[in-house]
Amino acid sequence: MRQPYASDYVRQDVLKIRAYQQQGHVLVTTHKHHWPLPCVHDVPGLQREGRGYSSPWGRFEVLYDLYEVAVFQPADGKRPPVWKDDDLSAVIEPATVVIDPVRQWARVVSDESDAEVAVLTHVPAWENGWRLLEDIRTELAQALIPAVPWRVEWAEPENGAQPLWEGRAPLIRNEHAAVNLAGYAFDEDRNLIYLSAVGHKTALEAIRASLLGRHRKGKLTLGGGRYQQTLNGLDRYEQAWAPIPDFQAHHVVFLTRQALKPEPTDDAIYLLVFDGEAETEAKRLLTKRLHEALPIPVLDEWAEALWNAADDRGWISEVRAAGDCRGCWQVSLMTDWAELVEALITQGEIKIAIE
């Protein structure tokens with residue numbers, strides 16, 4: 001669990017701004033997007049004058065006890081038309097940012113009311129506290145949301161979920177190279193069933209050598225930091241390579257043979273789903289793969305009954321899958337599928353059409 005980060009300097013400035021506003025002063029910023037205040041440089045006809053600026057709508061007096069802040073002194077109660085939709089009376093409040101490191105969200109919570117001010121997505125949760133505060137402050141200031149975060153803390157991941165570790169993306173590595181993951185699947189014995197990765201070709205070839213060579217070439221490690229899984233290669237993989245020339249990189253996919261070309265001598269086959277509703281698609285694949293792997297015919301219309309019966313017997317188990325692989329199931333062939341088919345026919349669960 002990361003320790004909170006706080007900037008008391010920022011908090012003190014926010015409290016000063018708040019005090020000025022509560023006294024009825026209209027404040028603006030002299031640097032766009034530094035504070036959630038209208039920017040003086042958006043005003044037409046602005047001229048530098050003494051310790052501030054003058055304009056057809058009034059004067060802006062720079063405050064030297066605050067960074068990049070000025071007081072607006074309107075002439076005849078008028079305001080610049082460029083600010084006609086802005087709430088110049090909104091009082092800024094200090095806020096705390098709570099980072100969800102798994103979802104990469106940031107909740108901005110008011111210190112005054114404990115209310116949620118904003119929720120930001122796609123936050124670089126791996127960054128240090130200072131950088132996160134700067135980035136989130138800028139985003140809130142651009143939207144003129146009257147809250148300035150001065151403290152950041154990290155929420156504990158729910159249900160043991162693992163955040164993205166340092167490196168900004170999931171990795172798979174061996175002792176020589178590391179590449180970014182787009183998806184993967186592995187079973188309870190940590191046999192790698194599917195791998196989709198992006199990186200420089202040399203690094204990907206090093207990963208391939210470990211995957212295909214197994215004990216001879218060394219181990220593969222999924223992840224980093226506190227979360228790591230050591231994975232094993234299977235006997236044979238189908239491969240597909242595609243260049244990404246704009247980044248001098250390649251995308252490669254490895255898929256175990258047992259998922260594409262099962263054989264009667266296999267102990268298990270794998271059903272991988274990349275689109276649609278995962279379990280529905282897996283059921284459709286079940287009959288197709290069994291028809292290829294077994295010495296008996298297996299009809300498509302038996303899919304639902306076969307799946308339910310095999311699942312009840314523990315012959316089908318869902319395995320770990322993520323990324324562009326939406327689901328993966330291991331189907332045991334060390335069982336009597338012919339006996340199961342015969343039993344389901346006898347029970348009337350499945351039928352063979354007779355012409």
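Just so it is clear, the structure is predicted and the values come from calculations on it, not from any experiment.

S.K.: Looking at this model, I keep getting lost on the sheet that holds strand S19 (residues 316–318). Mind explaining?
M.R.: Each strand in a sheet pairs with its neighbour through backbone hydrogen bonds, running either in the same direction (parallel) or in the opposite one (antiparallel). One open sheet holds the 3 strands; their spatial order is S18-S21-S19, and the pairing between them is antiparallel. Two strands close off the open sheet at either side, each with one partner strand: strand S18 (268–273) and S19. Taken pair by pair, the neighbouring strands of this sheet meet at an average axis angle of 25 degrees, ignoring direction. Here 6 bridges tie S18 to strand S21 (residues 327–332), and the two strands are oriented antiparallel to one another. Bridging from a neighbouring strand, Tyr-270 pairs with Gln-330 of S21.

S.K.: Explanation requested: the sheet that holds strand S3 (residues 47–49) in the structure shown.
M.R.: In spatial order, the strands read S2-S6-S5-S4-S3; together these 5 strands make up an open sheet with antiparallel pairing. At either end of the open sheet lies a strand with only one pairing partner, and these are strand S2 (26–29) and S3. Each adjacent strand pair in this sheet contributes to an overall mean axis angle of 35 degrees, direction not counted. As paired strands, strand S5 (residues 58–62) and strand S6 (residues 69–74) are joined by 5 bridges and run antiparallel to one another. Bridging from a neighbouring strand, Gly-58 pairs with Pro-74 of S6.

S.K.: Is there a simple way to explain the pairing of strand S16 (residues 237–244) in this structure?
M.R.: Along any regular strand the residues' side chains alternate between the sheet's two faces. Two elements, S16 and strand S17 (residues 249–256), share 8 bridges in a ladder whose sense is antiparallel. Paired with Tyr-237 across the bridge in S17 is Thr-256. The turn linking S16 back onto S17 is made up of 4 residues, and Gln-248 within it adopts a positive phi angle of 50 degrees.

S.K.: I would appreciate a short explanation of the pattern of salt bridges in the present structure.
M.R.: When their charged atoms lie close together, side chains carrying opposite charge are able to pair. For the structure on display, the rule yields 16 salt bridges. Close ionic contact of Lys-84 with Asp-85 constitutes a salt bridge, the shortest N to O distance being 3.3 Å. Across the pair, Asp-85 and Lys-84 agree in class, each one exposed. Two residues, Arg-257 and Asp-266, come together in a salt bridge whose shortest N-O distance is 2.7 Å. According to the relative accessible area criterion, Asp-266 is buried, its value standing at 9%. In this structure, a network of salt bridges that share partners links the residues Glu-49, Arg-59 and Glu-61.

Rules of the game
- Residues numbered from 1 in each chain as written.
- Predicted model: local features only at pLDDT ≥ 70, side-chain atom pairs only at ≥ 80, totals over all residues.
- Heavy atoms only, no water.
- Pairing = 2+ DSSP bridges.
- Helix = DSSP H or I, 4+ residues; strand = E, 2+ residues; numbered from the N terminus.
- Axes fitted to C-alpha atoms, helices over the stretch in contact; angles between N-to-C directions.
- Salt bridge = Lys/Arg side-chain N within 4 Å of Asp/Glu carboxyl O.
- Buried < 20%, exposed > 50% of the residue type's maximum accessible area, 1.4 Å probe, protein only.

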